[in-house]
Amino acid sequence: MIFDTTLRDGEQMPGISLTPEKKLKIARKLDDLGVNVIEAGFAAASPGEMEAITLISKENLKAEICSFARGVEKDIDAVAKSGADSVFLVIPSSDLHIRHKLRKTRNEILDLTSRSIRYAKDLGLIVEFGLEDSTRADLEFIKEMINVAISAGADRITPCDTVGVLTPERAYEFYSELKEAFPDVTLGVHSHDDFGMAVANSIAALNAGADEVHVTVNGLGERAGNAALEEVVVSLKILYNVETSIKTEKIYDASLLISRLTNTSIQPNKAIVGENAFAHESGIHTHAILSEPSTYEPISPEIVGRRRRLAVGKHAGSRGIKAALEEMRLHPNEEQLSEIFNRVKALGDKGKLITDADLYAIAESVMNLPATSAIELEELTVVTGNKVTPTASVKLKLNGDHLTEAATGIGPVDAAIQAIRRAVSAVEPIRLEEYHVNAITGGTDALVEVTVRLSRGDHVVTAMGAHGDIVMASVEAMLKGMNLLMSNHIIHAKTRSLQKAYKYVSSKHFSASSSRRTDK
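What you see is a predicted model; the values in this text were computed from it and never measured. (Residues numbered from 1 in each chain as written. Predicted model: local features only at pLDDT ≥ 70, side-chain atom pairs only at ≥ 80, totals over all residues. Heavy atoms only, no water.)

## Comments concerning the overall build of the chain
Helix and strand counts for the chain come out as 16 helices and 16 strands. Taking as baseline every contact in the chain between residues at least 6 positions apart, the subset at least 24 positions apart corresponds to 63%. Carbon and sulfur atoms provide 51% of the accessible area of the chain, an area that totals close to 24,400 Å². (Helix = DSSP H or I, 4+ residues; strand = E, 2+ residues; numbered from the N terminus. Contact = heavy atoms within 4.5 Å. Areas by Shrake-Rupley, 256 points an atom, 1.4 Å probe, with all protein chains shown as cover.)

Next comes the structure, spelled out in structure tokens:
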């Protein structure tokens, strides 16, 4: 079973605060992904949490909806009031927590465990009992607590590695012993990543007999985070041949949505969902990848809803650059390819990030192609202030047609980007996947570099803008990327039209001896 706690433990990550509406969007996405249990929050924490869990509970999702609670009656009452199906009832189990946090004795904890679980069961809730800090507790006392919990009616038992101190070896031993002592109990594993071993510990626990794993999308969570859903699920699938309920081809889309709504960026080298997880720059690697992808890809990108990307930089080989250009529908001859290759290397040696838009511009110059911009900026006006909602209006020329649009945003940059996207999306739906800003000179008049990653369907491109004004740098990057996507799409669309026309004419072709005329 996959128990997702992105909306509870994940939201406890400093800097994340989700509105009920955002929580509902994420819950729908998690349900579509195939999660078995969604821990939607902590009902007693605030009115907003109660509202969010109530909204999610009324959505009639396929997943079981759960709320966190302490061993306190008002917490459990709040869970029942929210309409959640189950409660993740957590009570400390280590002497460290019992003495210093609760100032209680072990016997008082056993009594609290029994009373809390019976109270929750009387309210009609499914009870998953969590033993907080169990991996630093006395194992015999853990077994005593579990016995009391089962007698009180607990449905599932989850000993928690609250501060991530397990190793895979210890995790296997710990859960093996518990599974041997309680063979008929549904046992969960809840791992934190303080030592970077949450995923490995979770899989070791499952290998030892645990039935359920607690995860968060993108590994979100307090301190170093929790076991990452995408890493656990894909490792089980590829390395252990174990299927879960998760529709793996939807993982990347869920990751992007949660990254946007939580306003947390995904590190580029993050396993499975990082920007570089299926990107290749090294000439040695790209040469092999183009011949046989499995040489440097242990996971097929399509399995997780990704697409292979050939990056261009100082380490790129000519074959990789040629393949990247062919994806852009550009076919330089050998002499032109050599010149493009040399220019890319020269820029890379200067420490410059070479985006897809840069490569396209280099190729245009070398191949003497007419510089074409499907989208041209004609006017941009931005209004902002401490008592004004940031607003932008934009006038664009799109393939000769004029488009005018306005939008508000969190700030002037957001407003400008939203206005451009709104103007273009009516014709070409383009999505902003990532946005990065970097001041490359010092002082308040710094030159700013903005890098964006945009997608249209399964096509993804990167582009950069540089300007003294962050708004203009952002607009420049957006337009470069959009123009590249538009150029590729237009060329591709024309190619497909010609192919369709050829097939049609071929199907209508008659021999020369026929008296009938060929269809036009």
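## Considering the pairing of strand β5 (residues 126–132)
For β5, the buried fraction is high: six of the seven residues fall into the buried class. The sheet contact formed by strand β4 (residues 86–92) and β5 spans seven bridges and is parallel. Looking at β5, one finds that Val90 is bridged to Gly130. Relative to strand β6 (residues 156–161), β5 is paired through four bridges, and the arrangement is parallel. (Buried < 20%, exposed > 50% of the residue type's maximum accessible area, 1.4 Å probe, protein only. Pairing = 2+ DSSP bridges.)

## Focus: the nonpolar core
Phe129, Ile157, Tyr175, Leu229 and Ile251 are the most contacted members of the largest nonpolar core, which totals 87 residues. If one sorts the elements of this core by residue count, helix α10 (residues 251–262) sits on top with seven residues. Excluding residues that lie within four positions of it along the chain, Phe129 makes contacts with Phe88, Leu89, Ile91, Thr113, Ile117, Met145, Ala149, Ala154, Arg156, Ile157 and Thr158. Residues Ile321, Ala357, Ala419 and Ala463 belong to the second largest nonpolar core, which totals 52 residues. (Core = buried A, V, L, I, M, F, W, Y, C linked by side-chain atoms within 4.5 Å.)

## Quick look at the sheet that holds strand β12 (residues 388–398)
Strands sit in the order β11-β12-β13 across an open sheet of three strands; the sheet is antiparallel. Of all strands in the sheet, those bounded by a partner on one side alone are β11 (375–385) and β13 (401–408). This sheet shows a mean twist of 10° between the axes of neighbouring strands, independent of strand direction. Where β11 meets β12, nine bridges bridge the pair, whose relative direction is antiparallel. When the bridges of β12 are listed, Thr381 appears paired with Ser393. (Axes fitted to C-alpha atoms, helices over the stretch in contact; angles between N-to-C directions.)

## Regarding helix α15 (residues 412–425)
Structurally, the α-helix is built with 3.6 residues per turn, so residues lying three or four positions apart point the same way. Across its 14 residues, α15 extends 20 Å between first and last C-alpha, which sits within 8% of the 20 Å expected from 1.5 Å per residue. Every buried residue of α15 is listed here: Val413, Ala415, Ala416, Ile417, Ala419, Ile420, Ala423 and Val424. (Expected span 1.5 Å × (residues − 1).)

## Here's the deal with the packing of aromatic side chains
For the structure shown, the criterion picks out four aromatic pairs. Plain terms: the ring middles of Phe42 and Phe68 are 4.9 Å apart, the flat faces sit at 75° to each other, and that makes the pair edge-to-face. Linking Phe42 in the loop between β2 (37–41) and α2 (47–57) with Phe68 in strand β3 (residues 64–70), this pair joins segments that are 26 residues apart in sequence. Take Phe68: its relative accessible area is 12%, and that puts it in the buried class. For the pair Phe174 and Tyr175, a centre-to-centre distance of 5.2 Å together with 80° between the ring planes defines the contact as edge-to-face. Take Tyr175: its relative accessible area is 1%, and that puts it in the buried class. One cation-aromatic arrangement involves Arg106 over Phe141; the distance from NZ or CZ to the ring centre is 4.8 Å. We note Arg306 situated over the ring of Tyr252; from NZ or CZ to the ring centre the distance is 4.0 Å. (Phe/Tyr/Trp six-rings, centres within 6.5 Å; stacked < 30°, edge-to-face > 60°. Lys NZ or Arg CZ within 6 Å of the ring centre and 35° of its normal.)

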